[in-house]
Number of protein chains: 2
Amino acid sequence: MVRNETISQRIERKIEGKQRVVAVARGDEKPDLVLKNATYLNMFSNEFLKADIAIAGGLIVGIGEYYADNEIDVEGKVICPGFIDAHIHLESSLVTPSEFAKAVVSHGTTTVITDPHEIANVMGIDGINYMLESTYNLPIDVHFMLPSCVPATPMDESGADLDYLIIDHLYEHPRVIGLAEMMNFEGVINGDEECLEKILGSQAHHLKIDGHAPGLSGNRLNAYISAGVYSDHECFDYDNALEKLRKGQFIMIREGTAAHNLEALAPLISVKYHSRCMFATDDKHPNDLLEKGHIDYIVNKAVEYGVNPLLAIKIATHEAARYFNLNNKGAIAPGYLADIVVLDKIEDFKVEKVFKKGKLVYSDGKVADFEVPEVAPKLIKHAHNTFNVKQVVAEDFKLGDAPVIGLTAGELLTTDCGRSDKIDVSKDILKVAVVERHKGTGHIGLSYINGYGMKEGAVATSISHDSHNIIAVGTNDEDIALAVNEIVKAKGGICVVKGGKVIGQVELAIAGLMSEEPLEVVNAKLEEAKAKAFELGVPEGIDPFMTLSFISLPVIPALRVTTTGVFDVNQWKYVK
Amino acid sequence: MVRNETISQRIERKIEGKQRVVAVARGDEKPDLVLKNATYLNMFSNEFLKADIAIAGGLIVGIGEYYADNEIDVEGKVICPGFIDAHIHLESSLVTPSEFAKAVVSHGTTTVITDPHEIANVMGIDGINYMLESTYNLPIDVHFMLPSCVPATPMDESGADLDYLIIDHLYEHPRVIGLAEMMNFEGVINGDEECLEKILGSQAHHLKIDGHAPGLSGNRLNAYISAGVYSDHECFDYDNALEKLRKGQFIMIREGTAAHNLEALAPLISVKYHSRCMFATDDKHPNDLLEKGHIDYIVNKAVEYGVNPLLAIKIATHEAARYFNLNNKGAIAPGYLADIVVLDKIEDFKVEKVFKKGKLVYSDGKVADFEVPEVAPKLIKHAHNTFNVKQVVAEDFKLGDAPVIGLTAGELLTTDCGRSDKIDVSKDILKVAVVERHKGTGHIGLSYINGYGMKEGAVATSISHDSHNIIAVGTNDEDIALAVNEIVKAKGGICVVKGGKVIGQVELAIAGLMSEEPLEVVNAKLEEAKAKAFELGVPEGIDPFMTLSFISLPVIPALRVTTTGVFDVNQWKYVK
């Protein structure tokens, strides 16, 4: 609703549009567009039907026989609603929402539900507002779930601390539809006040609460759900997913860059269970977006795994919309938004055309131009000033005896590799540092790391979950210091240094998380930086940056390094 | 939300309850009640499962293994959520909501969605408030859809005229969940401003809009749906229902006292279509409530018609709850309201026990005592003063030449039976009168009627859809006048008169629509009055009162008599 509008003013503003919709539907006025001879997927009767689809004022207004000046014959194609990603952190694409939208709309996505918790950990409410403003009126609709865990843990030194009261006013925003993944499931189960307050806050606005509880089951799962958490996107195991589904959680089947749960969960997409399922990516990195696609990729993959295509498309569209109460999305029917995808065929399909609110936004391999949303100058300024760190020098990274954190190839889990009193490249013992960057505390957490394989130089990144301080790993303190200083200078990013020289860099000047360059450019830089890291000795089985991004998240066993020291997750305490 | 409560106060008020729920669910505190060894219908996985059901604070908190001081072993029984009636006008039961609740809770109903349009036509907003107050905290939850058509037509002289602005504030009431049946579908299709304003009003509050469009199809149906109307309870034909379902309308399969659509629509309750279906009664008269039951009766009947019992129960509970966004209803799962029904078996079942918010409200044939809700004195006073009519005399009903309205046994349709200049009992030509009773206009509409069969005396009723003026039919003007005066004296009801004497009467002193007596008493009086009408010659194939109740509704062809004259519905004009 427009601010300060009375109910009469609102209705006055809307009635003409409504009258036109009705007039076109009944056949007395011409539609803006007719898709002739459309074979479309009917989400209510679970079948393919054939008819003309009439569009007016951004809505589908009629299914039947219609004529317009603007007709597109879609004979032989398959028509379905736009795809919906039920859970993503847009920041993980490393590009602006506009660039992200450009990438995914060409894959048939017309709606994503984002949890802006990366940027919120850096910029607090300003970060959420930055994302709200930069997603306004894109060729995809971006709905928001408010971050529930900022900071992620009490050990985190993040840029903000968001309690239920601080975020409450945002529930009034028309694109905010709930509370995002309640990662602190232990807190919920144990009746922690801050957690329950956040749940009660979203409930007070009659909005959704998403879950995040890997492996949770039994009575503890009952407690988590009873508290009000009715979805989960962390299922990697069929039996656990089925238990959650039976107890009332909607299952967001996740297939993203980092996590691949589709194969295990594909059997859920059956006649019996599908109405409680949807798809999510959680995160999509640049090369993954460019090479694989988005929800279209998951649908095709699901069909490869034996899922009925109709059901795969239904959970990719209709079921996600119903879960989030997006009542005018997820179907080809009168009154629904004309968010429409034209597929070449039903199996192993390619997206040929995409309509958003009746406007052709993608066709013939090309995304239609659109206006990049304006963001308030205050927010832009804040986003470009999120590093409150003094220039560091090699001496800042001096370290004697300390624990050695062991990396495990292909996993986020680390191991306890004993102790060391110095860097020893021959034994693959490197230094790892976490530089607090939000509040100018000067805190630097230091430790050693094993398994990163680097023979010379250093690597640093300002993407480090969830607080996004600066993480650096290196073979010598000078290169570590240089990598950190370069990141601060660039206002964020990824940096690869060798012998006092920068040899690879991705600038991420928006909150230290996102680039201002096109997706293809960011991807090229990132791939080049990766290649440089591999040249320095990082084995190819390890993603040199993503691996580091999780080294500071003090919830995944065994050892993590935070801005205030090494934390043993199993023992839940700092170790000297 | 409690009025004027801040968000913090609300959460403060709720947090302890939430903490207890979580503690009980995880197993650290004892539940209030455990249903041991429950075979329950799982609405998410579409199967029967067996487990203990733990209840605390009015909620189901755990499914698994639980123990409590208060345990009920339900081994061998079938457990399902409480039944939901998706559309009813409570007034049609002729009793107070408390009496209605008592009757239906014993049949497993725990939620009804009512449209108070009968009382709203008499008392306006006061009528809606009367129903809201008299349904507070009953053993069933009563949710409201706001009447969309008061008065029903421009020809109606009703007690109120409700536009979208007058009803707008009521959308804030926690039990108001939308706009009730948009009966003026012609208005919607033709873009009538008043109709569209009402739809826009409900949409502004993100609430539902129910439909009412018998037989509507094709592009006109597209127009009606596009305007925002996503349900229909007027389907009597399978093909029309399927068309509506395919176009996005939820189908409320109606099986009430007057309309019987279940047999025709039962095939919709299939794996393919059931998720778009639910049950409704629309109206339930006293003897029907007492003899047949409520939603339980429909479920059993559906199974008789070959419907899978699991699906029949699912649409009677879960699907209705989902349509109305009653997110904590319609399933046996953690966090859902403990609205639970214990059935003796799955087919041809009887309801043995009913729990409302975890409290046993029906067991062993007995409804637990409950406090009858208090209604504001101002509203009670208004409800008992809805007749603004002077004493009438025989001369008021003088009539010369006029049209003859022909009744059709078993149907609401009437026929044009030519004209007459007098009552002629030998030819079954009686007099029919409609006495305006709201505004003291003195308007009396007069005509003749054929097919009612009465040989002597007169009958009158203050139930006359939708304006509820007084309708009388008689063999002589004296008895007509007496019947009308008796109704005014009793502040409403039904009256049978013979030779200057009252021989049957049902007092309906609440708005002229509902009695203050128990259901059994009202039913006995009504049956007796009916018997008296039959004695006077009304043939048994005609319901002597219900038939009259529709004689003034100027939307059903062919002829109707209103307070201002005889109306030809086919020609859409008054006839002399």
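Residues numbered from 1 in each chain as written. Chains lettered and ligands numbered in written order. Predicted model: local features only at pLDDT ≥ 70, side-chain atom pairs only at ≥ 80, totals over all residues. Heavy atoms only, no water.

Undergrad: Which parts of the structure should I look at to understand helix H9 (residues 238-246) of chain B?
TA: Since the α-helix turns once every 3.6 residues, residues separated by three or four places project in the same direction. Residue and element names in this part refer to chain B. What H9 keeps buried is the set Asn240, Ala241, Leu242, Lys244 and Leu245. On its buried face, H9 sits against helix H8 (218-226), strand E11 (231-232), strand E12 (250-254), helix H10 (262-265) and strand E13 (277-280). Two to three positions downstream of the cap, the backbone nitrogen of Asp239 sits 3.2 Å from a side-chain oxygen, assigning the N-cap of H9 to Asp237. Just past H9, the residue Gly248 takes up positive phi, approximately 110°. (Buried < 20%, exposed > 50% of the residue type's maximum accessible area, 1.4 Å probe, protein only. Helix = DSSP H or I, 4+ residues; strand = E, 2+ residues; numbered from the N terminus. Contact = heavy atoms within 4.5 Å. Polar contact = N/O pair within 3.5 Å; in protein donor to acceptor, adjacent residues only side chain to side chain.)

Undergrad: Teacher, can you tell me more about the relation of the copies chain B and chain A here?
TA: Mapping between the two copies of the chain is achieved by a rotation about an axis and a shift along the axis. Once chain B has been moved 0.0 Å along the axis and rotated by 180°, it coincides with chain A to within an RMSD of 0.1 Å. Classification of the inter-copy transformation places it as that of a two-fold axis. (Least-squares fit on C-alpha atoms with pLDDT ≥ 70 in both.)

Undergrad: Just to check I follow, could you spell out the interface of chain B and chain A for this structure?
TA: Interface size is often expressed as the accessible area that is lost when the parts come together. Taken together, the contacts link 68 residues of chain B with 68 residues of chain A. Here chain B and chain A share an interface that buries about 5,600 Å² over both sides, 56% of which is from carbon and sulfur atoms. Linking chain B with chain A are four salt bridges. Put simply, A:Glu47 and B:Lys272 hold a salt bridge, and the shortest N to O gap is 3.7 Å. Linking chain B to chain A there are 26 residue pairs in polar contact (both at pLDDT 80 or more). Grouping the constituent residues of the side of chain B that touches chain A by class yields 33 nonpolar, 20 polar and 15 charged. (Buried area = accessible area lost by both parts, 1.4 Å probe. Salt bridge = Lys/Arg side-chain N within 4 Å of Asp/Glu carboxyl O. Nonpolar A, V, L, I, M, F, W, Y, C, P; charged D, E, K, R; others polar.)

Undergrad: Help me understand the sheet that holds strand E9 (residues 176-182) of chain A in this model?
TA: Whenever strands of a sheet pair, they do so through backbone hydrogen bonds, lying parallel or antiparallel. Residue and element names in this part refer to chain A. The strand order across the open sheet formed by five strands is E6-E7-E8-E9-E10, and the pairing between neighbours is parallel. Two strands in the sheet have a free side with no partner beyond their single neighbour: strand E6 (83-88) and strand E10 (208-211). The sheet shows a mean angle of 30° between the axes of neighbouring strands, taken without regard to direction. Of the strand pairs in this sheet, strand E8 (residues 141-146) and E9 are connected by three bridges, and their pairing is parallel. Bridge pairing in E9 places Met145 opposite Gly178. (Pairing = 2+ DSSP bridges. Axes fitted to C-alpha atoms, helices over the stretch in contact; angles between N-to-C directions.)

Undergrad: Please explain the packing of helix H8 (residues 218-226) of chain A against helix H1 (residues 7-26) of chain B as it appears in this structure.
TA: When two helices pack together, their arrangement is captured by the angle between the axes and the distance separating the axes. Two numbers describe how H8(A) lies on H1(B): the axes approach to 7 Å, and their chain directions differ by 160°. With respect to H1(B), the axis of H8(A) lies roughly antiparallel. Considering how the two elements wind past one another, H8(A) and H1(B) form a crossing that is right-handed. Contact residues: H8(A) offers A:Asn219, A:Asn222, A:Ala223 and A:Ser226, while H1(B) offers B:Val21, B:Val22, B:Ala25 and B:Arg26. (Parallel < 35°, antiparallel > 145°, perpendicular 65-115°, else oblique. Left-handed = near helix turned anticlockwise from the far one by under 90°.)

Undergrad: Sorry, what's going on with the packing of aromatic side chains here?
TA: When we look at a pair of aromatic rings, we describe it by the centre distance and by the angle of the planes. Tallied over the entire structure, the rule returns 16 aromatic pairs over all chains. Consider the rings of A:Phe44 and A:Tyr336, whose centres lie 6.0 Å apart with planes at 55°: the pair is tilted. Of this pair, A:Phe44 sits in the loop between strand E1 (33-42) and strand E2 (47-56) while A:Tyr336 is found in the loop between helix H14 (318-323) and strand E14 (340-343), placing the two residues 292 residues apart along the sequence. Judged by its relative accessible area of 6%, A:Tyr336 falls in the buried class. The interplanar angle of 75° and the centroid separation of 6.3 Å between the aromatic rings of A:Phe185 and A:Tyr224 together place this pair among those described as edge-to-face. Of this pair, A:Phe185 sits in helix H6 (residues 185-189) while A:Tyr224 sits in helix H8, placing them 39 residues apart in sequence. A single burial state applies to A:Phe185 and to A:Tyr224, both of which are buried. Taken together, the aromatic side chains of A:Phe44, A:Tyr336 and B:Tyr230 make up a single cluster linked through ring pairs. Taking NZ or CZ as reference, B:Lys208 lies 5.1 Å from the ring centre of B:Tyr323, over its face. One residue, B:Arg437, lies across the ring of B:Phe387, its end atom 4.0 Å from the ring centre. (Phe/Tyr/Trp six-rings, centres within 6.5 Å; stacked < 30°, edge-to-face > 60°. Lys NZ or Arg CZ within 6 Å of the ring centre and 35° of its normal.)

Undergrad: What exactly am I supposed to notice about the pairing of strand E19 (residues 414-420) of chain A here?
TA: A regular strand places its side chains on the two faces of the sheet in alternate fashion. Residue and element names in this part refer to chain A. Sheet topology places strand E18 (residues 402-407) next to E19; five bridges connect them, and they run antiparallel. Of the residues in E19, the one forming a bridge with Ile405 is Asp416. Where E18 hands over to E19, the hairpin turn is made up of six residues, of which Gly410 adopts a positive phi near 75°.

Undergrad: Sorry if this is basic, but what is going on with unusual backbone geometry here?
TA: Phi is mostly negative for residues that are not glycine, and the peptide bonds are mostly trans. Omega for the peptide link from A:His465 to A:Asp466 comes to -10°, which places this bond in the cis form. Considering the arrangement of structural elements, one finds A:Asp466 in the loop between strand E22 (458-461) and strand E23 (470-474). The omega torsion of the bond from B:Val150 to B:Pro151 falls at 0°, within 30 degrees of zero and hence cis. Its location among the elements puts B:Pro151 in the loop between strand E8 (141-146) and helix H5 (164-168).

Undergrad: Looking at this structure, how should I read the confidence of the model for chain A?
TA: For chain A, per-residue confidence averages 96 on the pLDDT scale, and 99% of positions sit at 70 or higher. Here the complex is predicted with pTM 0.96, and the ipTM for its interfaces comes to 0.95. (pLDDT = per-residue confidence, 0-100.)

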